[in-house]
Amino acid sequence: MIGQEGRSPLREVRVPAVSYSRFQISNGEKSKFCGSFFPAQLSCRVPPRHGDIMAKPTRDTQYVCPRAKVEAQDALQAIEQKMEDGRLEPENAKLWFERATVLGAAGNMREAVDALSRAIAVDPFCGIYYRWRGHRHLNCGDVADACADFSVASRLLPESWDVWYHLGLCNTVLGRRQAAEYAHKKCWEMHMVDQKRIPLVNWSWINLSLMGRREEADGLLRRYVAPDMEVGPNLSYLLMCLTYKGERAPERLLEPREGDAEPMLGVMTQAFGLANYYLIQGDRAKYDETIDYIVENGKDGAWNCFGYSAACYIQRSR
């Protein structure tokens, strides 16, 4: 067991810090865990315990600074019991990561970010923590913060297709064309199946087209996109690419797919592709209109999908 024997559980504890604003380092000592630097004099409030009940996570609790009270659930209670046993808190980075996984799955993205920050403070050289904190930042609209985390993760996990893919996605939304192209290039260098290839084609087509390299972008559609492809859960991306290719009417991207278990998520994802399609076609008015449509219609049922996050960032940046 990793931890210090005899430590009593406290609501206010000394924990390591990250570069995010709530923490301050006053002095530090070398940690025995994973060779990381463990600041000694740090304080922050522990995330809400399992006994605190909350309503279902919504955009209003996830897109603002105040944290939600976390709904009681068996998986979270088991983790917190380990934290409260006096031996594992707060030096066990894997336990904070486990907590973040449970929180993220339940839709508590901000609370997951907090837990991942604690994990990173204990073990700052573990790339998977940055990869998932970036993902959770992206889930709640912090595109620039997500990009920073994926940038760090790309150095710690240079062979991870997922890291480079999400870094390319973030840079595309942020308008960093060369950086996005570099990330996409790293993905193209790796082996992938159609299920992963089709989202990459989508973002590569958008980025290259916005760089003025439309012929090169269209070449990706001709080479990799066909209506009978097996793309698993990424059907929305296939429909977007077929639209770019001229094989589907653009307006159909706003129609829910038959049998889709989460139609709002699918429509908001597709609507963001449609917005970029209009921008590339030179129709700025329809682009802005579609971005506004996503922000207004996705705020209840799709606030944590990438298309909604990106649309919110773009609307705020006007």
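For clarity, every value in this text was computed on a predicted model and none was experimentally measured.

Turning next to the nonpolar core. Among the nonpolar cores identified, the biggest contains 62 residues, and Leu138, Ile198, Trp203, Trp205, Val225, Tyr244 and Phe272 are the most heavily contacted of them. For this core, the element with the highest residue contribution is helix 12 (residues 263-280), accounting for nine residues. For Tyr244, the contacting residues outside a window of four places in its chain are Asn202, Trp205, Ile206, Leu221, Gly273 and Tyr277. Within the second largest apolar cluster, 19 residues are counted, among which are Ile79, Ala93, Ala100 and Ala153.

Before going further, it helps to spend a moment on the packing of helix 8 (residues 177-188) against helix 9 (residues 194-210). Contact geometry of helix 8 with helix 9 gives a least axis separation of 10 Å together with a crossing angle of 150 degrees. Of the possible angle classes, the one that applies to helix 8 and helix 9 is roughly antiparallel. Where helix 8 crosses over helix 9, the two elements pack in a sense that is left-handed. Across the interface between the two elements, Arg177, Ala180, Glu181, His184, Cys187 and Trp188 of helix 8 pack against Arg197, Leu200, Val201, Trp203, Ser204, Asn207, Leu208 and Leu210 of helix 9.

Our focus in this paragraph is the layout of surface pockets. To locate leftover empty space, one rolls a probe as large as a water molecule over the atoms. Looking at the largest pocket, its volume works out to about 1100 Å³. Together, 37 residues line the largest pocket, and Pro233, Glu262, Leu265, Thr269 and Cys305 are the ones closest to its centre. Looking at the lining of the largest pocket, the elements with two or more residues in it are helix 5 (127-139), helix 7 (161-174), helix 9, helix 11 (235-244), helix 12 and helix 14 (306-316).

Turning our eyes to something else, we now look at the environment of Val122. Structurally, Val122 is set in helix 4 (residues 109-122). What makes Val122 buried here is its relative accessible area of 2%. Residues Val122 and Trp96, spaced 26 residues apart in sequence, show a C-alpha to C-alpha distance of 9.5 Å.

This brings us to the pattern of salt bridges. Pairing between side chains of opposite charge can happen when their charged atoms approach one another. Summed over all chains, the structure comprises 15 salt bridges. With a shortest N-O distance of 3.3 Å, Asp260 and Arg257 are connected by a salt bridge.

The rules we used
Residues numbered from 1 in each chain as written. Predicted model: local features only at pLDDT ≥ 70, side-chain atom pairs only at ≥ 80, totals over all residues. Heavy atoms only, no water. Core = buried A, V, L, I, M, F, W, Y, C linked by side-chain atoms within 4.5 Å. Buried < 20%, exposed > 50% of the residue type's maximum accessible area, 1.4 Å probe, protein only. Helix = DSSP H or I, 4+ residues; strand = E, 2+ residues; numbered from the N terminus. Contact = heavy atoms within 4.5 Å. Axes fitted to C-alpha atoms, helices over the stretch in contact; angles between N-to-C directions. Parallel < 35°, antiparallel > 145°, perpendicular 65-115°, else oblique. Left-handed = near helix turned anticlockwise from the far one by under 90°. 1 Å grid on protein atoms, 1.4 Å probe; cavity = no way out; pocket = protein on both sides within 12 Å on 5 of 7 lines; lining within 4 Å. Points joined across faces, edges and corners; volume = space filled by probe spheres on them. Salt bridge = Lys/Arg side-chain N within 4 Å of Asp/Glu carboxyl O.

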